[in-house]
Amino acid sequence: MEYFEIHGGVPLEGEIKVFAAKNSVLPMMAAAILAQSGTTRINNVPDIADVRTMSEVLRRLGAEIEFDRQNNVLWINTENIRSYEAPYDLVSRMRASFLVMGPLLARFGTARVSQPGGCAIGARPVDQHIKGFARLGAKVTEEGGYTVARAKKLIGNTVVFDRPTHTGTENIMMSAVLAEGRTEIINAAQDPEIVDLAKMLNKMGAKIRGAGTSIITIDGVDTLRAVEHTPIGDRLEAGTYLFGAIATGGRVKVKNVSPASLRTVLCKMMDMGAEVTTGRNYVAVQMRGRPRAVDIITDPFPGFPTDLQPMIMAALTIAEGTSVIWERIFENRFIHVMELQRLGANITISGDRATVVGVENLDGATVMASDIRAGAGLVIAGLAARGKTVVKRVYHIDRGYQRLEERLRLLGASIERYDEN
Ligand code: EPU
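Bear in mind that the values here come from a model prediction, so they are computed numbers and not experimental data. (Residues numbered from 1 in each chain as written. Predicted model: local features only at pLDDT ≥ 70, side-chain atom pairs only at ≥ 80, totals over all residues. Heavy atoms only, no water.)

1. Considerations on the site of the ligand
Here comes step 1: In the vicinity of the ligand there are 20 residues, among which Q128, T165, T167, D307 and I329 approach most closely.
Here comes step 2: Here an oxygen atom of the ligand and a backbone polar atom of P125 are 3.3 Å apart.
Here comes step 3: Within the backbone of Q128, one N or O atom sits 2.7 Å away from an oxygen atom of the ligand.
Here comes step 4: Compared with its free state, where it exposes 830 Å², the ligand has 88% of that area covered by protein.
Here comes step 5: Of all the elements in the fold, those that place two or more residues in the shell around the ligand are α1 (22-31), α5 (127-135), α6 (166-176) and α12 (372-384).
Here comes step 6: The greatest single-element share of the shell around the ligand, amounting to three residues, is contributed by α5.
Here comes step 7: Residue assignment places the shell around the ligand across two domains, with domain 1 (2-18 + 233-419) and domain 2 (22-229) each supplying three or more. (Near = heavy atom within 4 Å. Polar contact = N/O pair within 3.5 Å; in protein donor to acceptor, adjacent residues only side chain to side chain. Areas by Shrake-Rupley, 256 points an atom, 1.4 Å probe, with all protein chains shown as cover. Helix = DSSP H or I, 4+ residues; strand = E, 2+ residues; numbered from the N terminus. Domains from an automatic or database assignment.)

2. Section: helix α4 (residues 101-108)
Here comes step 1: With seven of eight residues buried, α4 is to be regarded as a mostly interior element.
Here comes step 2: For α4, the complete set of buried residues consists of M101, G102, P103, L104, L105, A106 and R107. (Buried < 20%, exposed > 50% of the residue type's maximum accessible area, 1.4 Å probe, protein only.)

3. Comments concerning the pairing of strand β4 (residues 64-68)
Here comes step 1: Note: β4 against strand β5 (residues 73-77), five bridges, orientation antiparallel. By the bridge assignment, E66 is partnered in β5 with W75.
Here comes step 2: Counting the residues that bridge the hairpin from β4 to β5 gives four residues, and of these N72 lies at a positive phi of roughly 55°. (Pairing = 2+ DSSP bridges.)

4. Considerations on the domain arrangement of the chain
Interface size is commonly expressed as the accessible area that is lost once the parts come together.
Here comes step 1: When cut into domains, the chain gives domain 1 (2-18 + 233-419) and domain 2 (22-229).
Here comes step 2: Using C-alpha coordinates to define each centre, domain 1 is positioned 30 Å away from domain 2.
Here comes step 3: Contact between domain 1 and domain 2 buries roughly 1,800 Å² in total, counting both sides, with carbon and sulfur atoms accounting for 47%.
Here comes step 4: Among the residues of domain 1 in contact with domain 2, F301, R399 and Q402 are the three that bury the most area, contributing 33% of the side total.
Here comes step 5: Here domain 1 and domain 2 share three salt bridges between them.
Here comes step 6: For the pair domain 1 and domain 2, the number of links is 11 residue pairs in polar contact (both at pLDDT 80 or more).
Here comes step 7: Breaking the side of domain 1 that touches domain 2 down by element, the ones donating at least two residues are α8 (235-248) and α12.
Here comes step 8: Of the residues that constitute the side of domain 1 that touches domain 2, the class distribution is 10 nonpolar, six polar and 10 charged. (Buried area = accessible area lost by both parts, 1.4 Å probe. Salt bridge = Lys/Arg side-chain N within 4 Å of Asp/Glu carboxyl O. Nonpolar A, V, L, I, M, F, W, Y, C, P; charged D, E, K, R; others polar.)

5. A few points about the nonpolar core
Here comes step 1: Among the nonpolar cores identified, the biggest contains 72 residues, and M29, V100, M173 and L201 are the most heavily contacted of them.
Here comes step 2: M29 has contacts with I42, V51, M54, S55, L58, L74 and I76, leaving out every residue within four places of it along the chain.
Here comes step 3: Grouped together as the second largest cluster of nonpolar side chains are 70 residues, I16, F243, I397 and Y401 included. (Core = buried A, V, L, I, M, F, W, Y, C linked by side-chain atoms within 4.5 Å. Contact = heavy atoms within 4.5 Å.)

6. Topic: the packing of aromatic side chains
Here comes step 1: Counted by the stated rule, this structure contains two aromatic pairs.
Here comes step 2: Where Y3 meets Y418, the ring centres are 5.7 Å apart and the plane angle is 35°; that geometry is what we call tilted. Of this pair, Y3 sits in strand β1 (residues 2-7) while Y418 sits in strand β24 (residues 414-419), and the two are 415 residues apart along the sequence.
Here comes step 3: With relative accessibility at 18%, the residue Y3 sits in the buried group.
Here comes step 4: Residues Y84 and F108 carry aromatic rings whose centres are separated by 4.9 Å and whose planes lie at 35° to one another, so their mutual orientation is tilted. Placement of Y84 in the loop between β5 and β6 (85-86) and of F108 in helix α4 is noted, with a sequence separation of 24 residues between them. (Phe/Tyr/Trp six-rings, centres within 6.5 Å; stacked < 30°, edge-to-face > 60°.)

7. Structural notes on the environment of A21
Here comes step 1: Among the secondary structure elements, A21 is positioned in the loop between β2 (13-17) and α1.
Here comes step 2: For A21, a relative accessible area of 1% translates into the label buried.
Here comes step 3: Placed 30 residues apart in sequence, A21 and V51 show a C-alpha to C-alpha distance of 11 Å.
Here comes step 4: Here A21 is in contact with E193, I232, G233 and D234, once residues within four sequence places are set aside.

Next up, the structure:
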């Protein structure tokens, strides 16, 4: 198993361009299933484990995939799909595999996808996805740990989510594009990656309006064709470097990211005392001295993203004052707290709230990543801590970041990857 060794205390400084958003690329790879002809091309795709897992899911269905690692270009041809099943060994590795359900059902009228089960950050049910497929006329059953959906032809309908779900909105959008008539998704998630996916689907020939608002309207069409698409830059990768700069008293400019996708986050950064500047497609922060404490509530977009909660928490551990972080999306997303305590952070948890009493310094220690974002939060804490920090189980981080250590070295960090053997 690989680990990172970080020598902290060096301010992050410099410029970096982010890759395409992981959470745009994964649904777009699933959307390629909808193209009856041609080859889908996706640009600026990060070379990460989750993209490899989704590629494997598509290959098992019969798709042809090529990835140009040098140029980060991915090609997908789904003309010869001959299986409609996403098996347990892949879905259990990555929940987003469940995103193939909507497109398979829409194009072939049948899909069999392993139930994802819980993961490190929470139970994460898929009941809202399933309810949506049923509303479009699919017969959905549970068979031996698999969700099986069948429909001769999906029929547009109103789908109301009990709460906004990011991949749920994408799954229903991708199943409704080939349905007969109009579908309305009410209480849809509004994340920028959903807008990005709708843009790609519309290029393919779909008729989607309202993505980015809480009501999305989809008028079904008969066929869709393959297109080339360059997804938006990854706001979460960007946020990781920006909080890295704040935690280390540095100065970083992140390119290829829309400031609008980070608006709530940038306001918090300013409240923390960072100087924030933005342009059409970049965000820069500069931090002098210790951050100030702020309170955070994670919420669906445009609220503060749960995916940046571990990173802001890492920066707040050394803030002046006391911060309260209220995690409202995932019930178990505080596993990194115990690890931050190993570095000397003063954090107490009460239910879904963490109280962070800022300390003057963190001190290096050995810690363990438990999911992508917790891992990134620990790396930031290690960059801010005095002395040596070892972050174990880097494979979690590799699911969502292409060679995070190389990218941070571009910003002056002292971080190396080693193999335990
Ligand atoms: N939920 C349900 N029922 C459902 C679906 C969701 O109760 O059918 C609940 C979830 O358990 C959670 C809340 O609704 O409490 C919101 O979950 P959501 O469905 O929005 O999450 P997701 O679609 O499974 C995506 C991202 C996650 C990100 C969340 C929240 C992708 C591939 N994944 O997951 O990203 O944390 O939205 O913004 O888009 C990551 O990138 O590290 C990551 C975990």
